[in-house]
Amino acid sequence: MIWLVISFAALMFVARLRLLHRVWRLPLKNGEGYFLAQQVTPDFYRTFGAPLFRRYHNAVLVPLLLDAPLALWFLFTRRYIALLFEEIVAMVASIVVYNFMVAYFSARATSLCGDQRKPTAFQLSMEPRRLRDHTTPLVEAVIVCATLLGLGLLARDYQLSLAATATHSMFRALRGALVFTVWVLYWQIGFFLLKGVFVRWRMPLPVNRTDDFRRWRMAWLSHNIKIFDAVRLLSALSFLIMMYWMTYGRQWSRGEQVTVLVVGALGILVYMGYVSRETRRLAARERELRPVEMVKEFPPSPVAQGRYLAGGLLYFNRENPRVLVRSTNGVALNLAHRTTYIGVAYFMGLIGVVIWMVRLVA
């Protein structure tokens, strides 16, 4: 069991390194004529843009360096379960931080280069943004049924644990099942909330190339929703299989146990193949529509009026409908927005759940 925990922790660390590698290369993704989504002069990376480029790379390393001492301490003290959960939380935090960094440094590049875009107006789409319009009934039915069946098996195991013949190993198995259940349900809630945020995210439309931008917006939204649903479906099915294993695994033969493990491994491979296919589809649509060129069709955002904190990185204005606003130093996170409240509450709850789980299984 320990080697499995160590393997998952190592996989999470490798995933973080891959994410770091992608974000590291992001400024030059569209060639030297761009810094992220901002068009720059040919000598940008050799002259006045060089310090910004260095600061970007230094900032990208910060999330990995900040948690390195804690991760090494868990590793050397053989707290492998705590190490696994720490890597998962660090991965979530890194994704959030990197998205903010990209928006911030793109805005800084805009300030350095001077915004030469000619448009002075944009459109707001009046299409309804409803979650049910982006819901697949079959996927939701499978997720709900798998979750309810898993909870039913957990309730059955709890009833058996109350019997006088219950052993210490049964109590340990039940405790592990409870931890896994809370973990899966918390992730289900998180990805469902994230799906709602993406669906309702207000995006303006440019006056020119409106149809192209709408096609790109729908392709981007469809890709993210499919990935979110795939993660939710995989976690629900994994939860059901794990509950069946904990309930009936002791009665299975060696061959039956191997069969279940092979089916689980195949499920993960199918998931990875699906994500890879959807990523290639989005990349093909990106090459076709060139969304980086559509950025020039939007007018520059004005500096938001309100109270700034932390040197302009944080912003507070309940009347501003945007989560990220333009500030004098780049972009700022609106602390008064409901999405910020939900995100902070969920992340703090995630930390609380991880601490509880580590203490329970330690």
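A brief look at the structure comes next.

Cut-offs applied
Residues numbered from 1 in each chain as written. Predicted model: local features only at pLDDT ≥ 70, side-chain atom pairs only at ≥ 80, totals over all residues. Heavy atoms only, no water. Helix = DSSP H or I, 4+ residues; strand = E, 2+ residues; numbered from the N terminus. Buried < 20%, exposed > 50% of the residue type's maximum accessible area, 1.4 Å probe, protein only. Contact = heavy atoms within 4.5 Å. Areas by Shrake-Rupley, 256 points an atom, 1.4 Å probe, with all protein chains shown as cover. Lys, Arg positive; Asp, Glu negative; His and termini not counted. Charge placed at Lys NZ, Arg CZ, Asp CG, Glu CD. Patch = residues over 30% accessible without salt bridge, like charges linked within 9 Å, V, L, I, M, F, W, Y side chains within 5 Å. Salt bridge = Lys/Arg side-chain N within 4 Å of Asp/Glu carboxyl O. Axes fitted to C-alpha atoms, helices over the stretch in contact; angles between N-to-C directions. Parallel < 35°, antiparallel > 145°, perpendicular 65-115°, else oblique. Left-handed = near helix turned anticlockwise from the far one by under 90°. Nonpolar A, V, L, I, M, F, W, Y, C, P; charged D, E, K, R; others polar. Pairing = 2+ DSSP bridges. Expected span 1.5 Å × (residues − 1).

1. Quick word on the overall build of the chain
Within the chain, the secondary structure is distributed over nine helices and eight strands. Its C-alpha atoms put the chain at 75 × 45 × 40 Å along the principal axes. Looking at the 362 residues of the chain, the share that counts as buried comes to 35%. Once local pairs closer than 6 in sequence are excluded, the contacts in the chain between residues at least 24 apart make up 70%. Element-wise, carbon and sulfur atoms account for 67% of the exposed surface of the chain, whose accessible area totals about 21,500 Å². With 43 positive and 20 negative side-chain charges, the chain shows a separation of 5 Å between the mean positions of the two kinds.

2. Regarding a positive patch on the surface
Taken together, the side chains of Arg129, Arg200, Arg202 and Arg338 present a region of like positive charge at the surface. Position of arginine 338 relative to the elements: it lies in helix H9 (residues 338-361). With a relative accessible area of 61%, arginine 338 lands in the exposed category.

3. Considering the packing of helix H4 (residues 137-161) against helix H6 (residues 210-248)
Packing of H4 against H6 brings their axes to within 9 Å, and their N-to-C directions diverge by 25°. Between H4 and H6, the angle falls in the class roughly parallel. Crossing of H4 against H6: the hand is left-handed. For the contact of H4 with H6, the class distribution of residues is 17 nonpolar, three polar and five charged.

4. Quick word on the pattern of salt bridges
In this structure the tally under the stated criterion is 15 salt bridges. Its salt-bridge partner being lysine 195, residue aspartate 229 comes within 3.2 Å of it at the nearest N-O pair. Of this pair, aspartate 229 sits in helix H6 while lysine 195 is found in helix H5 (residues 168-200), placing the two residues 34 residues apart along the sequence. A residue is classified by how much of its surface remains accessible, and aspartate 229, at 9% relative accessible area, is buried. For lysine 195, a relative accessible area of 0% corresponds to the buried category. Residues participating in the shared-partner salt-bridge network are Glu140, Lys195, Asp229 and Arg232.

5. Comments concerning the pairing of strand E8 (residues 330-334)
Counted residue by residue, E8 has four buried out of five residues, so it is predominantly covered. Pairing analysis gives four bridges linking strand E7 (residues 324-327) to E8, with the strands arranged antiparallel. Bridging across to E8, serine 327 finds its partner in glycine 330.

6. What to know about helix H7 (residues 254-289)
Owing to its 3.6 residues per turn, the α-helix aligns residues three or four sequence positions apart on the same side. If you check H7, its first and last C-alpha atoms are 53 Å apart, about what 36 residues at 1.5 Å a residue would give, namely 52 Å. Listed in full, the buried residues belonging to H7 are Glu278, Leu282 and Leu289. Those residues of H7 that are buried are in contact with H6 and helix H8 (291-294). Taken from the residues just after H7, arginine 290 is the one with a positive phi, measuring 50°.

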